[in-house]
Amino acid sequence: MDLPIVVGVDGSEPSLRAADWAADEAALRGAPLRLVYASLWERYEGESLAADLSKPSEQVTAEDIVRTAAQRVRLRRPDVDVSTDVLPEEPEYALVREGRNASALVLGTRGRSGLVEVLLGSVSLTVAAHADCPVIVLRGSDDNQGRPTAHGRVVVGVGETGPGSAALRFAVEEARLRGATLDAVRAWRCPAHETTDHPLLVGEPARLHEQHAVEALEQALKDAPADVELRGRTEEGPARRVLLAASHEADLLVVGARRDAGHLGLQLGRVAHAVLHHAACAVAVVPERV
């Protein structure tokens, strides 16, 4: 049985855009789509949501939210099998649990008001840091779709995980589904303490670090399938800066997040954290087991 793509909805426009994106992704994969509303805050949010929907507050319920989202995605993708659920619990816990039986989780980044925006931002980060499956976060006003878009490009950050990287495998599959080019990017830096003013050694430390990056990238891509157009490149600079720049010409940015079974805190990493906050396209955070 195909695992569903799960999307968290709350009635806000960003969450509805996430549902649109997830519906397109489900159509590409031939997977079912599951729409989930999870909250303990409905009694506090009801009045503001009612104003957004021009309805009396007593008519606005969680069932309205998932029903409206389901109608929207069925109109968009009538070929996708859609199911819904309302979970009366904290969204971060509910969504992480949903991810145990999902092929991917899709989330928006903002809610209906300033307070809810903060809460949902925290939820997105928490879910991305703990989920067992890839978490795709639609950035701000991002309207990228799962179908091929103007860029036709998926970018993946290549770190130290080597050819067995789950993030790289996920990025390859996403590029294949879209018929897109896959850009595999490896960032490198020369530490300041390794620079030298000796005229015979100028540039040597940097050259060695760049060569290491080239070799690491080649090793990571050695088993890449031939049916995906692949472009590997190295670039000097902090990984988060390099990937954020690349996101401006991408439909999806894929990064890995190391998961240590013995660690109980957030397991996201500085690069994943940065791109979730600032990328110009959708971001997929893929767990890497250590």
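A brief report on the enclosed structure follows. Quick caveat, the model's predicted, so the values are computed rather than measured.

Looking at the overall build of the protein chain
Stage number 1. Secondary structure summary: the protein chain contains nine helices and ten strands in total.
Stage number 2. Relative to its full complement of 290 residues, the protein chain shows a buried share of 50%.
Stage number 3. The long-range share in the protein chain, meaning contacts at least 24 apart out of those at least 6 apart in sequence, stands at 79%.
Stage number 4. Just so you have it, the protein chain exposes about 14,200 Å², and 51% of that area is on carbon and sulfur atoms.

Re the layout of surface pockets
Stage number 1. By volume, the largest pocket amounts to about 850 Å³.
Stage number 2. Lining the largest pocket are 32 residues, and of these V158, G159, E160, A239 and V271 sit closest to its centre.
Stage number 3. Counting residues per element, the ones that place at least two in the lining of the largest pocket are β7 (181-188), α7 (204-220), α8 (239-247), β9 (252-259) and α9 (270-278).
Stage number 4. Per-class residue counts for the lining of the largest pocket are 15 nonpolar, ten polar and seven charged.

Some points on the pattern of salt bridges
Stage number 1. Taken as a whole and assessed by the stated rule, the structure comprises 18 salt bridges.
Stage number 2. The shortest N-O distance in the salt bridge between R29 and E25 comes to 2.9 Å. Here E25 and R29 lie together in helix α1 (residues 13-29), a separation of four residues that amounts to about one turn.
Stage number 3. Residue class for R29 comes out partly exposed when judged on its relative accessible area of 26%.
Stage number 4. Through salt bridges that share partners, E13, D20, D24, R72, R76 and R77 make up one connected network.

Quick look at the nonpolar core
Proteins that are soluble and globular tend to have nonpolar side chains buried together.
Stage number 1. L33, L35, I136 and V254 are the most contacted members of the largest nonpolar core, which has 47 residues in total.
Stage number 2. With residues near it in sequence (within four places) discarded, I136 still touches W21, A104, L105, V106, L107, F170, L252, A282, V283 and A284.
Stage number 3. Membership of the second largest hydrophobic core comes to 37 residues, among which are V96, A272, V283 and V285.

Thoughts on the pairing of strand β2 (residues 33-38)
Stage number 1. Burial analysis of β2 places six of its six residues in the buried class, the great majority of the element.
Stage number 2. Going residue by residue along β2, you find L33, L35 and Y37 tucked away on one face and R34, V36 and A38 tucked away on the opposite face as well.
Stage number 3. Pairing between strand β1 (residues 5-8) and β2: four bridges, direction parallel. Each residue of the ladder has a partner; that of I5, found in β2, is L33.
Stage number 4. Each parallel crossover has a hand, and the one from β1 via α1 to β2 is right-handed.
Stage number 5. Relative to strand β3 (residues 82-87), β2 runs parallel, the two sharing six bridges. When the sheet's bridge partners are listed, L33 is paired in β3 with V82.

Things to note about the packing of α8 against α9
For any two helices packed against each other, one specifies the inter-axial angle together with the distance between the axes.
Stage number 1. Direction vectors running N to C along α8 and α9 enclose 35°, while the axes themselves pass 9 Å from each other. Relative to α9, α8 is oriented so that their crossing is right-handed. Mapping the contact onto sequence places A239, R240, L243 and L244 in α8 and V271, A274, V275 and H278 in α9.
Stage number 2. Looking at the contact of α8 with α9, its residues break down into six nonpolar, one polar and one charged.

Topic: the side chain of R186
Stage number 1. With respect to the secondary-structure elements, R186 resides in strand β7.
Stage number 2. Exposure remark for R186: the relative accessible area of 5% places this residue in the buried category.
Stage number 3. Once residues lying within four places of it in the same chain are set aside, the contact partners of R186 are V158, G159, E160, H212, A213, A216, L217, R233, T234 and E235.

Rules and cut-offs
- Residues numbered from 1 in each chain as written.
- Predicted model: local features only at pLDDT ≥ 70, side-chain atom pairs only at ≥ 80, totals over all residues.
- Heavy atoms only, no water.
- Helix = DSSP H or I, 4+ residues; strand = E, 2+ residues; numbered from the N terminus.
- Buried < 20%, exposed > 50% of the residue type's maximum accessible area, 1.4 Å probe, protein only.
- Contact = heavy atoms within 4.5 Å.
- Areas by Shrake-Rupley, 256 points an atom, 1.4 Å probe, with all protein chains shown as cover.
- 1 Å grid on protein atoms, 1.4 Å probe; cavity = no way out; pocket = protein on both sides within 12 Å on 5 of 7 lines; lining within 4 Å.
- Points joined across faces, edges and corners; volume = space filled by probe spheres on them.
- Nonpolar A, V, L, I, M, F, W, Y, C, P; charged D, E, K, R; others polar.
- Salt bridge = Lys/Arg side-chain N within 4 Å of Asp/Glu carboxyl O.
- Core = buried A, V, L, I, M, F, W, Y, C linked by side-chain atoms within 4.5 Å.
- Pairing = 2+ DSSP bridges.
- Right-handed = clockwise from strand over helix to strand, strands pointing away.
- Axes fitted to C-alpha atoms, helices over the stretch in contact; angles between N-to-C directions.
- Left-handed = near helix turned anticlockwise from the far one by under 90°.

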